[in-house]
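# Structural characterization, general
The chain contents come next:
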Amino acid sequence: MTFRFVATPDFDFVTQFAQHLQVPVHDGLVSLPEHLGRGYVRKLQFGVDFKLTTHRYELHEDLVIQRQAAGASSEQITIFFYNNEQPLDIAFANHPQVRFSQRDESAVQLTSNDLSSTIRFPARHAVHYLVVALKTPRLKALLAGNEPHAVLSALTAEGGSFLFFESLSAEAKLLLKNITDVNQHDGLSHFYIQVKVQELLYLVFRKLMLRESAPHQPINSADAERLLQVHEQLLTDLSTPPVLRELAQQAAMSETKLKQLFKQTFGSSVYTYFQQARMKEAAFLLKQGQRSVAEVGYALGFSNLSHFSRLFEKHYGLNPKRYAQS
């Protein structure tokens, strides 16, 4: 099933999605018809400039959501919180979708309203994500009094184009669960959810402010697509360190542009991001308990196991052997 829409400032996802499914909307809730699967999409308004859409469902067929930019400048900022237990495919522009993650299928995506994107959710998997949409003036009001930072300035700049990805912390995952599981019949549920959504935004902005406060470079849909292709390339083979020159050629960018946009979007340099992914994979393999420390190290391309142990301990505070036993 494919749902296409144009992200105009007045677009209402729930209303249009319900029309696409030919089902009614009851108090902001769209229940999926049984022949498509089970679950729902729910909308909550915290004012005309701040809303939350919750997606929780499992479908009998793949769901493809195609978001087309309206073309005109918009004050709306969209923040996606993905917390799924299956690989997530995301694409920008009209290129084939690329795998966003290998092991950790949770992510936060912040995007301006002028970027088009395609997201595919596979059938027979539990889909759980939240979308927060708010206008720039509302975000400025929420962030009032904070010290200036390049990322926050990019988010609140008039007509700015941006794309940021962040990992989803354990604290944020718990908040997502609390928001989704709240009793909607509780008279204070709307108030509770608004507070928790703002707490969720706080966690995201707190992480973004830990990034280097460098001048922001505008990004378009084609750049975003190329960055995701580079991201996929990094995760495809964690045993071979990336060569920046080759990645830049594949992305049709200069090395300087690739370094700037990658760090701006993902929060770290290409090589640092690769090493972090490498250590996450090592931790995953060690916890499985089916391979020795040496086998994991060699599988991830380390010829010097002492170097592997030191690097792993730097990331996790324990050497690989102790981590596997913990």
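The structure displayed is predicted, hence computed values, not measured ones.

Basis of the calculations
Residues numbered from 1 in each chain as written. Predicted model: local features only at pLDDT ≥ 70, side-chain atom pairs only at ≥ 80, totals over all residues. Heavy atoms only, no water. Axes fitted to C-alpha atoms, helices over the stretch in contact; angles between N-to-C directions. Helix = DSSP H or I, 4+ residues; strand = E, 2+ residues; numbered from the N terminus. Parallel < 35°, antiparallel > 145°, perpendicular 65-115°, else oblique. Contact = heavy atoms within 4.5 Å. Salt bridge = Lys/Arg side-chain N within 4 Å of Asp/Glu carboxyl O. Buried < 20%, exposed > 50% of the residue type's maximum accessible area, 1.4 Å probe, protein only. pLDDT = per-residue confidence, 0-100. 1 Å grid on protein atoms, 1.4 Å probe; cavity = no way out; pocket = protein on both sides within 12 Å on 5 of 7 lines; lining within 4 Å. Points joined across faces, edges and corners; volume = space filled by probe spheres on them. Nonpolar A, V, L, I, M, F, W, Y, C, P; charged D, E, K, R; others polar.

We now examine the packing of helix α9 (residues 270-288) against helix α11 (residues 305-316). Running from amino to carboxyl end, α9 crosses α11 at an angle of 95°, the nearest separation of the two axes being 10 Å. Here α9 lies roughly perpendicular to α11, going by the angle between them. When α9 is examined against α11, the residues Gln-275, Gln-276, Met-279, Lys-280, Ala-282, Ala-283 and Leu-286 are found in contact with a partner set consisting of Phe-308, Leu-311, Phe-312, His-315 and Tyr-316.

This brings us to the pattern of salt bridges. With the rule as written, the count across this model stands at 13 salt bridges. Here Asp-223 makes a salt bridge to Lys-257, at a shortest N to O gap of 3.2 Å. With Asp-223 in helix α6 (residues 221-236) and Lys-257 in helix α8 (residues 255-266), this residue pair connects regions lying 34 residues apart in the sequence. In this structure Asp-223 comes out as buried when scored by relative accessible area, which is 5%. One network of salt bridges, with partners in common, ties together Arg-56, Lys-177 and Asp-181.

The predicted model of the protein has a mean per-residue pLDDT of 87, with 92% of residues at 70 or higher. Within the protein, no element has a lower average pLDDT than strand β8 (residues 98-99), which sits at 42, and none a higher one than α8, at 95. Per-residue pLDDT stays below 50 along residues 97-102; that stretch engages in 32 contacts with residues further than four places along the chain or on separate chains.

When its volume is computed, the second largest pocket comes out at roughly 240 Å³. The wall of the second largest pocket is formed by 13 residues, among which Arg-56, Asn-83, Ala-126, Val-127 and His-128 lie closest to the centre. Looking at the lining of the second largest pocket, the elements with two or more residues in it are β3 (37-45), β4 (50-59), β11 (127-135) and α4 (170-181). In terms of residue class, the lining of the second largest pocket is built from three nonpolar, three polar and seven charged.

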